[in-house]
Amino acid sequence: SPTAAKNLWREYCSSPDRNVPIEKVKTVMQWANYWLEIYKKNKVKYPTYKMYKLYIDKHIIPEIGEIRLNDVRPAHIERLIQKELSKTTADGEPAPMSLSSLKKIRLTLRQMFDSAINNNLCVKNPTTNIKLPKEPKKEIVVFTKSQMQSIIQHLSVHECGPAVALLLYSGMRLGELRALCWSDVDFDAGIIHVRHAMSETEAGEDMLLPKGDKQRVVAFDASLGEYIKKIPKRSL
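Now for a description of the structure that goes with this document. (Residues numbered from 1 in each chain as written. Predicted model: local features only at pLDDT ≥ 70, side-chain atom pairs only at ≥ 80, totals over all residues. Heavy atoms only, no water.)

**Quick word on the packing of helix 2 (residues 28–40) against helix 3 (residues 46–64)**
Our working definition: All axes here are fitted lines through C-alpha atoms, helices being fitted over the stretch that makes contact, and every angle between N-to-C directions spans 0 to 180 degrees. Each helix is a run of H or I in the DSSP string that is no shorter than four residues. Each strand is a run of E no shorter than two, and both are numbered from the N terminus. Geometric relationships in this document are graded by angle, where less than 35 degrees denotes roughly parallel, more than 145 denotes roughly antiparallel, 65 to 115 denotes roughly perpendicular, and other angles denote oblique. Between two residues, a contact is recorded if the distance between any of their heavy atoms is within 4.5 Å. In the scheme used here, Gly and all other residues not listed as nonpolar or charged are polar, with Ala, Val, Leu, Ile, Met, Phe, Trp, Tyr, Cys and Pro taken as nonpolar and Asp, Glu, Lys and Arg as charged.
Between helix 2 and helix 3, whose axes approach to 10 Å, the crossing angle comes to 175°. When the axis of helix 2 is compared with that of helix 3, the two are roughly antiparallel. Only Tyr49, Tyr52, Lys53, Ile56, Ile60, Ile61 and Ile64 of helix 3 make contact with helix 2, whose side of the interface consists of Val28, Met29, Ala32, Trp35, Leu36, Glu37 and Lys40. Tallied by class, residues from the contact of helix 2 with helix 3 come to 11 nonpolar, no polar and 3 charged.

Here it is, written out as structure tokens:
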């Protein structure tokens, strides 16, 4: 139950076993803390680290945290997946975890056990042959012609119109738009230098490199340039 899971995690955080030396690590719970600190913290972007920690705290630890690393079997992982797929709401309505989240749990476990093997803490990875249900083919939803016309008609009158125009015509991500500076826009050449993106960090939000740590250049035409010029100049 959620209450039992919370109690287990609180007990783990206050337990001296949390700081057991690496060479004496035995359980999934003990290794999970080391794995996060050594292999993920400050090595991946904070939202990614936060995702790993969420799945460990809320799903992995409550289900298999007390099992010794060498004793975890594929059946334990299969049971975890089945429990997530069979969850219901308080009213008894089905509320299964999304396949996307299940894939992330499997990925987290796979990486945890690969690292445990490399550290001679266990000999096999129980996630190796774990299969997930096939994800139904998603229908791609796009704006209709009338919806696009309506959006374009409001660009010049809505206070957020210039920002929407930038997203619509340049293909920039929202975090990239929020980090955009006037020094990034070259009106003469008709290009935007995408150098940063606003991203969540442990201390709050900060300007980091764009997705994939890759800066790029986006071209824009005169019509988009007019929208950009309407944005109030409040920064460099």
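**Some points on helix 9 (residues 222–229)**
Structurally, the α-helix is built with 3.6 residues per turn, so residues lying three or four positions apart point the same way. Convention followed: For each residue, the accessible area found with a 1.4 Å probe, counting protein chains only, is set against the maximum for its type, and the residue is called buried under 20%, exposed over 50%, and partly exposed in between. Note: the arc covers the axis-to-C-beta directions of the helix.
By the burial criterion, the buried members of helix 9 are Leu224, Gly225, Tyr227 and Ile228. For helix 9, the angular spread of buried residues about the axis comes to 160°, placing them on one side. Seen from the open side of helix 9, the exposed residues pointing more than 90 degrees away from its buried face are Ala222 and Lys229. Structurally, helix 9 contributes buried residues whose contacts are with helix 6 (145–155), helix 7 (161–170), strand 1 (185–186) and strand 2 (191–194).

**So, the nonpolar core**
Using the following cut-off: We call a set of buried residues a nonpolar core when its members are Ala, Val, Leu, Ile, Met, Phe, Trp, Tyr or Cys and they connect through side-chain atoms within 4.5 Å of each other.
Counting residues in hydrophobic clusters, the biggest one holds 35 residues, and the most contacted among them are Val28, Trp31, Ile56, Ile64 and Leu69. Those elements that place two or more of their residues in this core are helix 2, helix 3, helix 4 (74–85) and helix 5 (99–118). Per-element accounting of this core gives the leading share, 8 residues, to helix 3. When neighbours within four sequence positions are excluded, Val28 is seen to be in contact with Ile60, Ile61, Ile64, Gly65, Ile67, Leu69, Val72, Met112 and Phe113. With 15 residues, the next largest nonpolar core counts Ala165, Trp182, Tyr227 and Ile228 among its residues.

**Some points on the packing of aromatic side chains**
Going by this rule: Working definition: a ring pair exists when centres of Phe, Tyr or Trp rings (six-membered ring for Trp) sit within 6.5 Å. Plane angles under 30 degrees give stacked, over 60 give edge-to-face, the rest tilted.
Throughout the structure, instances matching the rule amount to 5 aromatic pairs. Their ring planes at 85° and their centres at 5.3 Å tell us that Trp35 and Tyr52 sit as a pair that is edge-to-face. One end of the pair, Trp35, is in helix 2; the other, Tyr52, is in helix 3, with 17 residues separating them in the sequence. For Tyr52, a relative accessible area of 5% puts it in the buried group. Here the aromatic cluster, defined as three or more aromatic residues joined through ring pairs, consists of Trp182, Phe187 and Phe220.

**Some points on the pattern of salt bridges**
Note on pairing: side chains with opposite charge can pair once their charged atoms come close. Using the following cut-off: Think of a salt bridge as a Lys or Arg side-chain nitrogen and an Asp or Glu carboxyl oxygen that are within 4 Å of each other.
In total, this model carries 12 salt bridges according to the counting rule given. Close ionic contact of Arg216 with Glu176 constitutes a salt bridge, the shortest N to O distance being 2.8 Å. One end of the pair, Arg216, is in strand 5 (residues 216–219); the other, Glu176, is in helix 8 (residues 174–178), with 40 residues separating them in the sequence. Its relative accessible area of 30% is what places Arg216 among the partly exposed residues. Here the residues in one salt-bridge network are Glu63, Arg79 and Lys83, joined through shared partners.

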